[in-house]
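# Overview (structure and organization)
Each chain, letter by letter, is given below.
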Amino acid sequence: MWSKREEVDYALQRRHTLQALRRPQRVIDGGEVCDADPLLIRAALHHGEESEVHCPTCPAKRLLNLNYVFGEQLGQYSGRIKSSVELEEMQSEVGEFKVVVVEVCVECGWNHMITSYLLGDGVRRRPPRRQQTVEDIYG
C-alpha cells in the first residue's frame, strides 16, 4: 500500500502475553488469553482473511485477520471491517484513516491486535453525508 505510514507493530506485546501463558508459574490463565467475544469470532468467520501464521495457543491452523478502519473522515463508516482490496481502493479516496489489524482464532478464541497504521492520500475531505439507518427509524 503506497500510503502506509505511522505503523505500530504489537509483536512484543503478543510475545510477552504468550510467554506469560507458557511460564511454569502461570502468570495468566488460558481463559484470560482466549477470550474473544462471540461477535468478534462471528466477524472473523464471515469477514476474516486467512493468515500465514497458525494459532499460538491451540493446534488449529486457521487464524484469521480482521482489518478495522477508524477515522474522522469516514463518518458513520468508522469502525467497520474492510478487506485488503477495499483498503487499496480507500487509500486514494479518503484523506486519512487508521487501520487496526486483529488476529482471531475461531477454534479457541485467541485474539490479539497485530498492527495499526495510517492510510490515505492526505487530502482533507468532509465525511460522507449521514444516511438514515434502521436504528434511526425504529429507535
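Residues numbered from 1 in each chain as written. Predicted model: local features only at pLDDT ≥ 70, side-chain atom pairs only at ≥ 80, totals over all residues. Heavy atoms only, no water.

## Some details on the overall build of the chain
Put simply, the rule reads: Numbering of helices and strands starts at the N terminus; helices are DSSP runs of H or I of at least 4 residues and strands are runs of E of at least 2. Each residue is assigned to one of three classes by its accessible area relative to the maximum for its type, calculated with a 1.4 Å probe on protein chains only: buried under 20%, partly exposed between the two thresholds, exposed over 50%. Contact definition: two residues touch when any of their heavy atoms are within 4.5 Å. Method for areas: the Shrake-Rupley scheme with a 1.4 Å probe, in which residue coverage is limited to the protein chains shown. In this charge count, Lys and Arg are treated as positive and Asp and Glu as negative; neither His nor the chain ends contribute. Each charge is placed at NZ for Lys, CZ for Arg, CG for Asp and CD for Glu.
Each helix and strand counted, the chain has 5 helices and 6 strands in total. Counting from the amino terminus, the chain carries its helices and strands in the arrangement β-α-α-α-β-β-β-α-β-β-α. Dimensions of the chain along its principal axes, counting C-alpha atoms only, are 55 × 40 × 25 Å. Here the chain holds 139 residues, and 36% of them are scored as buried. Partitioning the intrachain contacts of the chain with sequence separation of at least 6 by distance along the chain shows that 62% fall at a separation of at least 24. Element-wise, carbon and sulfur atoms account for 50% of the exposed surface of the chain, whose accessible area totals about 9,000 Å². Averaging the coordinates of the 18 positive side-chain charges in the chain and doing the same for the 21 negative ones gives two points 2 Å apart.

## Looking at helix α3 (residues 38-47)
Test applied: Comment: arc refers to directions from the helix axis out to C-beta atoms.
Along α3, the residues that are buried comprise Leu-40, Ile-41, Ala-43 and Ala-44. When α3 is viewed along its axis, its buried side chains cluster within an angular range of 160° and face the same direction. Projecting away from the buried face of α3 at angles above 90 degrees are the exposed residues Pro-38, Leu-39 and His-46.

## Description of the pattern of salt bridges
Formally: Here, a salt bridge means any side-chain nitrogen of Lys or Arg that lies within 4 Å of a carboxyl oxygen of Asp or Glu.
Tallied over the full model, the rule gives 5 salt bridges. Between Glu-50 and Arg-62 there is a salt bridge, with its nearest N and O atoms 3.5 Å apart. Separated by 12 residues along the polypeptide, Glu-50 in strand β2 (residues 49-50) and Arg-62 in the loop between β2 and β3 (63-70) bring together distant segments of the chain.

## Topic: the packing of aromatic side chains
The line we're drawing: Note on ring pairs: Phe, Tyr and Trp rings are taken, using the six-membered ring of Trp, and paired if centres are within 6.5 Å. Classes follow the plane angle, with under 30 degrees stacked, over 60 edge-to-face and the rest tilted. Sitting over a ring, as applied to charges here, requires NZ of Lys or CZ of Arg to be within 6 Å of the ring centre and within 35 degrees of the ring normal.
Scanning the model with the defined rule gives 0 aromatic pairs in all. Lys-4 extends its terminal NZ or CZ atom over the ring of Tyr-117, reaching a point 4.4 Å from the ring centre.

## As for a negative patch on the surface
The cut-off we apply is this: Like-charged residues are merged into a patch within 9 Å and nonpolar side chains (Val, Leu, Ile, Met, Phe, Trp, Tyr) within 5 Å, provided each residue has over 30% relative accessible area and no salt bridge.
On the surface, Glu-86, Glu-88, Glu-89 and Glu-93 cluster together to form a negatively charged patch. Relative to the elements of secondary structure, Glu-88 occurs in helix α4 (residues 84-90).

## Some details on the nonpolar core
The test is simple: For our purposes a nonpolar core is just a set of buried Ala, Val, Leu, Ile, Met, Phe, Trp, Tyr and Cys residues, chained together by side-chain atoms within 4.5 Å.
Ala-36, Leu-40, Ile-41, Ala-43, Ala-44, Leu-64, Leu-66, Tyr-68, Val-100, Val-102, Val-104 and Val-106 together form the largest nonpolar core, which totals 12 residues. Every element with two or more residues in this core is listed here: α3, β3 and β5 (97-105). At 4 residues, α3 tops the list of elements feeding residues into this core. Apart from the residues lying within four places of it in its own chain, the contact partners of Ala-44 are Leu-64, Leu-66, Val-104 and Val-106. With 11 residues, the next largest nonpolar core counts Leu-18, Ala-20, Leu-63 and Cys-105 among its residues.

## A few points about the environment of Pro-128
Note that Pro-128 resides in the loop between β6 (111-119) and α5 (134-138). Judged by relative accessible area, Pro-128 falls into the partly exposed class, the value being 40%. Pro-128 sits 55 residues away from Gln-73 along the chain, and the two C-alpha atoms are 7.6 Å apart. Residues within four places of Pro-128 in sequence aside, it is in contact with Gln-73, Leu-74, Gly-75 and Tyr-77.

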